[in-house]
Structures are given as C-alpha cells and as structure tokens.
Amino acid sequence: MAMTYPKFLPMGDRAFLIRFGEEISEELNKKVRSLAILLSKNPIAGIEELVPTYRSLMACYNPLKISPEDLEKALRDLVDKIGEVELPEPRIIEVPTVYGGKYGPDLEFVAKYHGLTPEEVIEIHANKDYLVYMLGFTPGFTFLGGLDERLHTPRLSTPRKKVPAGSVGIGGKQTGVYAITSPGGWRLIGRTYIKIYDPDRDPPILVKAGDYMRFIPIDEEEFLANWKGELEFADPIEE
C-alpha cells in the first residue's frame, strides 16, 4: 500500500511533526524550509518553536493556547501553499580546512577503506558545495548532504569521548563540522579554524539550513595563523 505524504504526527501533547517523505533529498528539504518560511510569515498562535530536519518540520506548541485539532488544520492549510514559496538565494560559506595528520586522524583510514590515496580523498571532498540540511545534535553541528558515494564511510564502532571544535568528519553518507568540542563517532578527515558556533556572536551560529558549505584545502601554516584559543586534538580511536 502506497504511503501518503505529508503526514501529520502528534509528538506527545506539545508538538506536531509534519513529515514530507522518508528519504534524504533536496526536494523534500525544500518543502521543509518552505513550510518554515510560511509559518514565520503567517504565525499560528500557540506555536513556540520550529525544528527543521532533513524531511520533517516539528512545530512545538502550547496546548493552553491552541488545541491539537486546530493546530493540525492550520498546518494543513499552510502545507497546501508551500508551492507558492520562493526560497531565498542560498549563501555559500567557505570553510578553510587543513586535511589529515593530527587534524584529520582518520584520513588515512578513509583512503584505505575506499582504495584511494589521501590526496584523492581530499580532491573528492573539497571544493564542492554541500547543502546544510539541518543543525543537530550539539549547537551548530552541521549535517551536510551531497557527499560523493566514493567517500561513504561507516562511523566508528565506539565514538571518541572528545572531538575538537572545527573537526570535519564523515559519517556514513554525510559530512559535517563539529561546531563545539564534544563526543563523536564520525571519521575525522580535517579541521577548520572558523567558528561555526560562537555564543558571543549575533547570530551565534554561522550557518543555517538551506545554506551551502564549501571546504577549501589549506596548509598547516595557514591554519595555525588563524586559529584562536587553545588547540586541542581528538582522542585516539578505541576500536
């Protein structure tokens, strides 16, 4: 039996999830962002927060201000209009990145896993525009789509306890940047000196869903010349 989308799914008594499909695709993500824009221009009383993801938008609401039935009806009415939304011109954020060595300790593994040289991995990964699908699991962590199939690499079986801020990683079919120092299980291939997340900046997160990021290879000298603060390194792999 064919599945019908979008689906309107209650998430407890304080949120609704509007799911546009099951796969990761730019087409579905455009629908997510279009609905978020519609809601920003046509606010529904009671909605307190919007959480966009790859294929869904979660609307968190106050049940004392709007009933779930009224909220679902209002959301359905807006979903019918997403085809009328013109998305803003995307920004391209360049991300200067030093690849390999102590800054990208898993580069050699990724190369060997795919039968490539480290230089070939860098060539495939860099100078390509990756769509920012969503921000997750820590502040500013970027989930980027469009990674070349030749670089799809399994995550670590045991995550590192510490991955330094600025680390560029590959996790399965995705690539992204760790915006803050945190645990993490992605394969680390490089490091950038730019701060994706800075609580003292307005806005604190440099990118948003719908932007594109482009990794630009640099050498260690340029990286160190632009790095601010204490320089940390990733924990060894515990596989």
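This is a predicted model, so every value here is computed, not measured. (Residues numbered from 1 in each chain as written. Predicted model: local features only at pLDDT ≥ 70, side-chain atom pairs only at ≥ 80, totals over all residues. Heavy atoms only, no water.)

1. Points about the overall build of the protein
Here is step 1 of the chain: Scanning the protein from N- to C-terminus turns up 5 helices and 13 strands.
Here is step 2 of the chain: Taken against the 2.2 N^0.38 rule, which gives 18 Å for 239 residues, the C-alpha radius of gyration of the protein at 20 Å falls within 12% of a compact globule.
Here is step 3 of the chain: On the principal axes, the C-alpha backbone points of the protein span a range of 55 × 45 × 35 Å.
Here is step 4 of the chain: For the protein, buried positions account for 45% of its 239 residues.
Here is step 5 of the chain: Look at the contacts in the protein between residues 6 or more apart in sequence, and 65% of them connect residues 24 or more apart.
Here is step 6 of the chain: Summed over its atoms, the accessible surface of the protein is roughly 12,500 Å², and 52% of this surface lies on carbon and sulfur atoms.
Here is step 7 of the chain: If the 29 positive side-chain charges of the protein are averaged to one point and the 37 negative ones to another, these points end up 3 Å apart. (Helix = DSSP H or I, 4+ residues; strand = E, 2+ residues; numbered from the N terminus. Rg over C-alpha atoms; globule rule 2.2 N^0.38 Å. Buried < 20%, exposed > 50% of the residue type's maximum accessible area, 1.4 Å probe, protein only. Contact = heavy atoms within 4.5 Å. Areas by Shrake-Rupley, 256 points an atom, 1.4 Å probe, with all protein chains shown as cover. Lys, Arg positive; Asp, Glu negative; His and termini not counted. Charge placed at Lys NZ, Arg CZ, Asp CG, Glu CD.)

2. So, the nonpolar core
Here is step 1 of the chain: By size, the foremost hydrophobic cluster in this structure holds 30 residues, and its most contacted members are Leu 151, Ile 189, Ile 196, Met 213, Phe 215 and Phe 223.
Here is step 2 of the chain: At the level of secondary structure, the elements contributing two or more residues to this core comprise strand E5 (92-99), helix H3 (107-114), helix H4 (118-125), strand E6 (129-136), strand E9 (167-171) and strand E13 (212-218).
Here is step 3 of the chain: Residue contributions to this core peak at 4 residues, all from E5.
Here is step 4 of the chain: Ala 36, Ile 37, Val 79 and Val 85 belong to the second largest nonpolar core, which has 21 residues in total. (Core = buried A, V, L, I, M, F, W, Y, C linked by side-chain atoms within 4.5 Å.)

3. Here we look at the pairing of strand E4 (residues 56-61)
Here is step 1 of the chain: Of all 6 residues in E4, 5 are buried, a share of seventy percent or more.
Here is step 2 of the chain: When strand E2 (residues 15-19) meets E4, the two strands line up antiparallel, connected through 5 bridges. Directly across from Ile 18, in E4, lies its bridge partner Leu 57.
Here is step 3 of the chain: Pairing of strand E3 (residues 47-52) with E4, which is carried by 5 bridges, proceeds in the antiparallel orientation. (Pairing = 2+ DSSP bridges.)

4. Let's talk about the pattern of salt bridges
Here is step 1 of the chain: Using the criterion set out here, one finds 12 salt bridges in the structure.
Here is step 2 of the chain: In this structure, Arg 55 and Glu 22 form a salt bridge, with 3.5 Å as the shortest nitrogen-oxygen distance. On the criterion of sequence distance, the pair formed by Arg 55 in the loop between E3 and E4 and Glu 22 in the loop between E2 and helix H1 (26-41) is long-range, its members being 33 residues apart.
Here is step 3 of the chain: Assessed through its relative accessible area of 26%, Arg 55 is described here as partly exposed.
Here is step 4 of the chain: Each of Arg 19, Glu 22 and Arg 55 takes part in a single network of salt bridges with overlapping partners. (Salt bridge = Lys/Arg side-chain N within 4 Å of Asp/Glu carboxyl O.)

5. Regarding the layout of surface pockets
Here is step 1 of the chain: Taken as a whole, the largest pocket spans an internal volume of roughly 260 Å³.
Here is step 2 of the chain: Ala 165, Ala 179, Lys 195, Trp 227 and Lys 228 are, among the 19 residues lining the largest pocket, the residues nearest its centre.
Here is step 3 of the chain: Grouping the constituent residues of the lining of the largest pocket by class yields 11 nonpolar, 3 polar and 5 charged.
Here is step 4 of the chain: Empty space within the second largest pocket amounts to approximately 190 Å³.
Here is step 5 of the chain: Taken together, Arg 33, Ala 36, Ile 37, Pro 52, Leu 87, Pro 88, Glu 89, Pro 90, Lys 208, Ala 209, Gly 210 and Asp 211 form the lining of the second largest pocket.
Here is step 6 of the chain: For the lining of the second largest pocket, the element with the most residues is H1, which contributes 3 residues.
Here is step 7 of the chain: Looking at the lining of the second largest pocket residue by residue, the class counts come to 7 nonpolar, 1 polar and 4 charged. (1 Å grid on protein atoms, 1.4 Å probe; cavity = no way out; pocket = protein on both sides within 12 Å on 5 of 7 lines; lining within 4 Å. Points joined across faces, edges and corners; volume = space filled by probe spheres on them. Nonpolar A, V, L, I, M, F, W, Y, C, P; charged D, E, K, R; others polar.)

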